[in-house]
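Results of the structural survey
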Amino acid sequence: MKRFTAAALFCTGALALASEAVAQEETPEWTGEGSFGAGVTSGNTDTKDLSAGLKLKHNGPVWAQSGELAAEYGETDGVETKNRVAGALQVDRSFTPRLSAFGRLTYEKDEFSGFEDRTFAGLGVAYKVIVSEPTSWTLQGGPGYRQDKIRTTGETEESLGATLGSRFKHAFNERVALTNDTDITTGDVSTQVVNGLALTFEIMGNLSARVSYDVRHDTSPPAGFEKTDTATRFSLVYKIG
């Protein structure tokens, strides 16, 4: 517990230092998006659901901060069958146009998963494999500490882990873009793989429509729970910045 707490405090300190560095920059830029969608899921639950999300990124010449927040809720015949909240904070420090270091903190709480809540804090490096238009692709990874609260036993397991991520985007034209984001988080209890594939169409101005397919997979869930959850959604997206 002490090791994990120290790692979390380290990442929190890194976020604070980055905030101070960004605040001193003369021309900061904010970008991001807010989304609201509906869809169908399969796996641990089969239900219609609603989802909402917010992504923000603060760019500067050297430092960058980004945050994500997502919520999903669903009912079947008036009975709650889905309730999940997830968030992530990341700080990046660029060294070259392609190479940077990062600190990352993630949290997930899912009422219908084999894991009641999960937290990860880690550090690593990121490399922009492709930076030319119309395609961009970034890979990142590094070590960290992971905490998993197992629903069936109520026990909290802490372990040394790692995070791996991929961010891919291809713009077919000014109005249509394909994205594929992948995050892999390892730990002693289980390895979690999350992948989101989305096609976004600009409707007008900052408003877009999106069709997405999300997959969450655990290699070793507690007994009685499915390994894989999927979600197919249609969303309205408002671009920020």
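Residues numbered from 1 in each chain as written. Predicted model: local features only at pLDDT ≥ 70, side-chain atom pairs only at ≥ 80, totals over all residues. Heavy atoms only, no water.

Turning to the overall build of the protein, a few remarks are in order. Each helix and strand counted, the protein has one helix and 12 strands in total. The helix and strand sequence of the protein, counted from the amino end, reads α-β-β-β-β-β-β-β-β-β-β-β-β. Out of the 241 residues belonging to the protein, those deemed buried represent 37%. The contacts of the protein with a sequence gap of at least 6 include a subset with a gap of at least 24, amounting to 50%. Carbon and sulfur atoms make up 61% of the accessible area of the protein, which totals about 13,100 Å². (Helix = DSSP H or I, 4+ residues; strand = E, 2+ residues; numbered from the N terminus. Buried < 20%, exposed > 50% of the residue type's maximum accessible area, 1.4 Å probe, protein only. Contact = heavy atoms within 4.5 Å. Areas by Shrake-Rupley, 256 points an atom, 1.4 Å probe, with all protein chains shown as cover.)

Bringing the side chain of Ser 208 into the picture now. Structurally, the position occupied by Ser 208 is in strand β11 (residues 207-218). Here Ser 208 is in contact with Thr 200, Phe 201, Glu 202, Ile 203, Ser 235, Leu 236 and Val 237, once residues within four sequence places are set aside.

In this section: unusual backbone geometry. The amide bond that connects Glu 133 to the next residue, Pro 134, takes the cis arrangement and shows omega of 5°. With respect to the element layout, Pro 134 can be found in the loop between β6 (115-130) and β7 (135-150).

Relative to strand β8 (residues 156-171), β7 runs antiparallel, the two sharing 15 bridges. For Gly 142, the partnering residue across the bridge sits in β8 and is Thr 163. Counting the residues between successive antiparallel strands, the hairpin from β7 to β8 contains five residues, one of them, Gly 154, with a positive phi of roughly 80°. In this structure, β8 lies alongside strand β9 (residues 176-186), joined through 10 bridges in antiparallel fashion. Bridge pairing in β9 links Thr 163 to Thr 185. (Pairing = 2+ DSSP bridges.)

Okay, the packing of aromatic side chains next. Two measures describe an aromatic ring pair: the distance that separates the ring centres and the angle between the ring planes. The full count for this structure, using the stated rule, is zero aromatic pairs. For Arg 118, the ring lying beneath its charged end belongs to Phe 115, and the centroid distance is 3.8 Å. (Phe/Tyr/Trp six-rings, centres within 6.5 Å; stacked < 30°, edge-to-face > 60°. Lys NZ or Arg CZ within 6 Å of the ring centre and 35° of its normal.)

Once that is clear, we can look at the pairing of β11. In this structure, strand β10 (residues 192-204) lies alongside β11, joined through 12 bridges in antiparallel fashion. Pairing of Gly 196 across the sheet is with Asp 214, part of β11. Where β10 folds back on β11, the antiparallel hairpin that results is connected by two residues, among which Gly 205 adopts a positive phi of roughly 55°.

What follows is about the confidence of the model for the protein. Across the protein, the average pLDDT comes to 87, with 87% of residues at 70 or higher. Low pLDDT (under 50) marks residues 1-27, which in the prediction has 36 contacts with non-local residues, meaning those over four places away or in another chain. (pLDDT = per-residue confidence, 0-100.)

Our next topic: the pattern of salt bridges. Going through the model one piece at a time under the given rule, you end up with 17 salt bridges. In this structure, Glu 72 and Arg 84 form a salt bridge, with 3.2 Å as the shortest nitrogen-oxygen distance. Residue Glu 72 is found in strand β3 (residues 63-76), and its partner Arg 84 is found in strand β4 (residues 79-94); the two are separated by 12 residues along the sequence. In this pair, the class of Glu 72 matches that of Arg 84, namely buried. Residues Arg 118 and Asp 218 are paired through a salt bridge, measuring 3.0 Å at the closest nitrogen-oxygen approach. Here Arg 118, found in strand β6, pairs with Asp 218, found in strand β11; they are 100 residues apart in sequence, far enough to count as distant. Taking relative accessible area as the criterion, Arg 118 reaches 5% and is therefore assigned buried. Here the salt bridges do not stand alone but share partners, grouping Asp 49, Glu 72, Lys 82, Arg 84, Glu 108, Asp 110, Asp 214, Arg 216 and Arg 233 into one network. (Salt bridge = Lys/Arg side-chain N within 4 Å of Asp/Glu carboxyl O.)

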